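# Breakdown of the fold
So you can see what is in the structure, the chains are spelled out below.
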Amino acid sequence: MLKYVFAFILLVHGLIHFMGFAKAISYGNFTQLTKDISKPAGLIWFTTAILFITAAILFLLKKDSWSLIAIVAALLSQVLIVTVWKDAKVGTLANLIVLLVAIPAYADHHFNRMIKKEVADLLSRPAITHTIVTNAMTGSLPPIVQKWLTNSGIIGKDKIQFVRLKQKGELRTKPGGKWLPFTATQYFTADVPQFIWQTKMKMMPMIDVTGRDKFVNGKGEMTIKLLSLVNLAKASDDEKLNSATMIRYLAEMTWFPSAALNDYIRWEALSATSAKAIMTYKGITVSGIMKFAENGDFLSFEADRYKDTGKIASLEKWLVETID
């Protein structure tokens, strides 16, 4: 419903600007505008009207370009309103509404475009030669890891190289905090350990928090923005962040189990149902303990992982569990 109300505001606000054009060419009798408008100014009124109407149409068609057009239209409109302030000052409210919606939308578009390019770069590497996973490849691994890989169904299949997954659920920003709905899309490469994770979290109606976590070339990067506009958190290429992001990759490898066979991971048996996964890449080594059911189903991953970055970062227990 709000979508159509906003489109209506764009459309009506645009149509009103035709009055300024009509006044400039002496067409009709518009008593609402008492001040004379020159023909060059009239062309600006006409252009602004077209821009608002175009933005309304593109908004309804869900085209990203609507936001930039609406911002330009609102700024032009406000300049025109100032020239006839006494007669048109109420239009300032409409321009404010347009800018409050359009600026975050444009920021979101710009943020998404940045991530789209990063994903394209991530996936631009040519695929390596297809390799079929065999039982012989798992022979040196702890028995419970062998059972996990067998039960996962990768034997006889190609080793996984690229992964895209979608997530939907709830998260909270601190212990005991409110659970907030989120959606996310994540991209992985497996032969070279890398990922990009993009999320949108609903804080309240019309207020979203967007985020992107990245692990590329052995380095982690995190960005969290309010309305894709205001940085709430930002960190990159920090030694502790790099370690924490690598541990995340190690845990999330359970979504593409054939990565467990890659050279950057080695395994140590701990018990009949647990093993330590040790990952070394770009001079950094991290590890975590994976626990399994007796039949080989993955149950949990636990590691000492840095929380926060820089001087305030501290090692804490980090646990990932599967729940039926």
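Remember, predicted model here, so these are calculated numbers, not experimental data.

### Examining helix 3 (residues 66-83)
Here helix 3 contains 18 residues, and its C-alpha end-to-end distance of 26 Å stays within 8% of the 26 Å for a straight helix at 1.5 Å per residue. For helix 3, the secondary structure elements touched by its buried residues are helix 1 (2-24), helix 2 (39-60), helix 4 (85-88) and helix 5 (91-122).

### A closer look at the packing of aromatic side chains
In this structure the tally under the stated criterion is 17 aromatic pairs. Consider the rings of Phe 21 and Phe 46, whose centres lie 5.0 Å apart with planes at 50°: the pair is tilted. Of this pair, Phe 21 sits in helix 1 while Phe 46 sits in helix 2; the two residues are 25 residues apart in sequence, bridging distant segments of the chain. What links up through ring pairs into an aromatic cluster is the set Phe 188, Phe 195, Phe 215, Tyr 249, Phe 256, Tyr 264 and Tyr 281. For the cation-ring pair, Arg 248 lies above Trp 197, with the distance from its terminal atom to the ring centre recorded as 4.7 Å. When the ring centre of Trp 318 is taken as origin, the NZ or CZ atom of Arg 305, which lies over that ring, is 4.3 Å away.

### Looking at the packing of helix 2 against helix 3
Two elements in contact, helix 2 and helix 3, have axes separated by 8 Å at closest approach and are oriented at 150°. It follows that helix 2 is roughly antiparallel to helix 3 by the angle criterion. With respect to the hand of their crossing, helix 2 and helix 3 are arranged in left-handed fashion. Here Ala 41, Ile 44, Trp 45, Thr 48, Leu 51, Phe 52, Thr 54, Ala 55, Leu 58 and Phe 59 of helix 2 come into contact with helix 3, specifically with Trp 66, Ile 69, Ala 70, Val 72, Ala 73, Ala 74, Leu 76, Ser 77 and Leu 80. Broken down by class, the residue content of the contact of helix 2 with helix 3 amounts to 16 nonpolar, three polar and no charged.

### Focus on the pattern of salt bridges
Counted by the stated rule, this structure contains 13 salt bridges. A salt bridge links Asp 108 to Lys 200; its shortest N-O distance comes to 3.3 Å. Linking Asp 108 in helix 5 with Lys 200 in strand 3 (residues 194-204), this pair joins segments that are 92 residues apart in sequence. Taking relative accessible area as the criterion, Asp 108 reaches 17% and is therefore assigned buried. Accessibility expressed as a relative area gives 33% for Lys 200, which makes it partly exposed. Across the salt bridge formed by Arg 248 and Asp 213, the nearest N and O atoms sit 2.8 Å from each other. On the criterion of sequence distance, the pair formed by Arg 248 in helix 7 (residues 239-252) and Asp 213 in strand 4 (residues 207-216) is long-range, its members being 35 residues apart. Judged by its relative accessible area of 10%, Arg 248 is buried. One connected set of salt bridges, linked through shared partners, spans Glu 118, Arg 212, Lys 214 and Glu 221.

### Side note on the environment of Glu 221
Position of Glu 221 among the secondary structure elements: in strand 5 (residues 219-226). Separated by 98 residues in the primary sequence, Glu 221 and Leu 123 have C-alpha atoms spaced 18 Å apart. Setting aside anything within four residues of it in sequence, one finds Glu 221 in contact with Arg 212, Asp 213, Lys 214, Ala 235, Ser 236 and Leu 241. Engagement of the side chain of Glu 221 in a polar contact is seen with the side chain of Arg 212, the distance being 2.8 Å.

### Quick look at the layout of surface pockets
Of the pockets and cavities examined, the second largest pocket occupies roughly 850 Å³. For the second largest pocket, the lining is made up of 28 residues, of which Phe 59, Trp 66, Val 101, Ala 105 and Met 206 are closest to its centre. Only helix 1, helix 3, helix 5, strand 3 and strand 4 provide two or more residues apiece to the lining of the second largest pocket. No other element matches helix 5, which puts eight residues into the lining of the second largest pocket.

### Here's the deal with a nonpolar patch on the surface
On the surface, Phe 8, Leu 11, Val 12, Leu 15 and Ile 16 cluster together into a nonpolar patch covering about 430 Å² of accessible area. On the basis of relative accessible area, Leu 11 is assigned to the partly exposed category, the value being 34%.

### What to know about the sheet that holds strand 4
Strand pairing in a sheet relies on backbone hydrogen bonds, with the paired strands running either antiparallel or parallel. The strand order 1-2-3-4-5-6 describes an open sheet built from six strands, whose pairing is antiparallel. Every interior strand has two partners, whereas the edge strands, strand 1 (162-171) and strand 6 (230-236), have only one. Adjacent strand axes in the sheet meet at a mean angle of 10° when their direction is disregarded. Pairing analysis gives 10 bridges linking strand 1 to strand 2 (residues 180-189), with the strands arranged antiparallel. Paired with Leu 165 across the strands is Gln 186, a residue of strand 2. Together, strand 2, strand 3, strand 4 and strand 5 form the strand contacts of helix 5, whose direction differs from that of strand 4 by roughly 20°.

### Side note on the pairing of strand 5
Strand direction decides the pairing type here: strand 4 and strand 5, joined by eight bridges, are antiparallel. Opposite Phe 215, over in strand 5, you have Gly 220 as the bridge partner. Hairpin connection, strand 4 to strand 5: the antiparallel pair is bridged by two residues, and Asn 217 has positive phi, about 55°. Across six bridges, strand 5 lies against strand 6 in antiparallel orientation. Bridge pairing in strand 6 links Glu 221 to Ser 236.

Thresholds applied
Residues numbered from 1 in each chain as written. Predicted model: local features only at pLDDT ≥ 70, side-chain atom pairs only at ≥ 80, totals over all residues. Heavy atoms only, no water. Helix = DSSP H or I, 4+ residues; strand = E, 2+ residues; numbered from the N terminus. Expected span 1.5 Å × (residues − 1). Contact = heavy atoms within 4.5 Å. Phe/Tyr/Trp six-rings, centres within 6.5 Å; stacked < 30°, edge-to-face > 60°. Lys NZ or Arg CZ within 6 Å of the ring centre and 35° of its normal. Axes fitted to C-alpha atoms, helices over the stretch in contact; angles between N-to-C directions. Parallel < 35°, antiparallel > 145°, perpendicular 65-115°, else oblique. Left-handed = near helix turned anticlockwise from the far one by under 90°. Nonpolar A, V, L, I, M, F, W, Y, C, P; charged D, E, K, R; others polar. Salt bridge = Lys/Arg side-chain N within 4 Å of Asp/Glu carboxyl O. Buried < 20%, exposed > 50% of the residue type's maximum accessible area, 1.4 Å probe, protein only. Polar contact = N/O pair within 3.5 Å; in protein donor to acceptor, adjacent residues only side chain to side chain. 1 Å grid on protein atoms, 1.4 Å probe; cavity = no way out; pocket = protein on both sides within 12 Å on 5 of 7 lines; lining within 4 Å. Points joined across faces, edges and corners; volume = space filled by probe spheres on them. Patch = residues over 30% accessible without salt bridge, like charges linked within 9 Å, V, L, I, M, F, W, Y side chains within 5 Å. Areas by Shrake-Rupley, 256 points an atom, 1.4 Å probe, with all protein chains shown as cover. Pairing = 2+ DSSP bridges.

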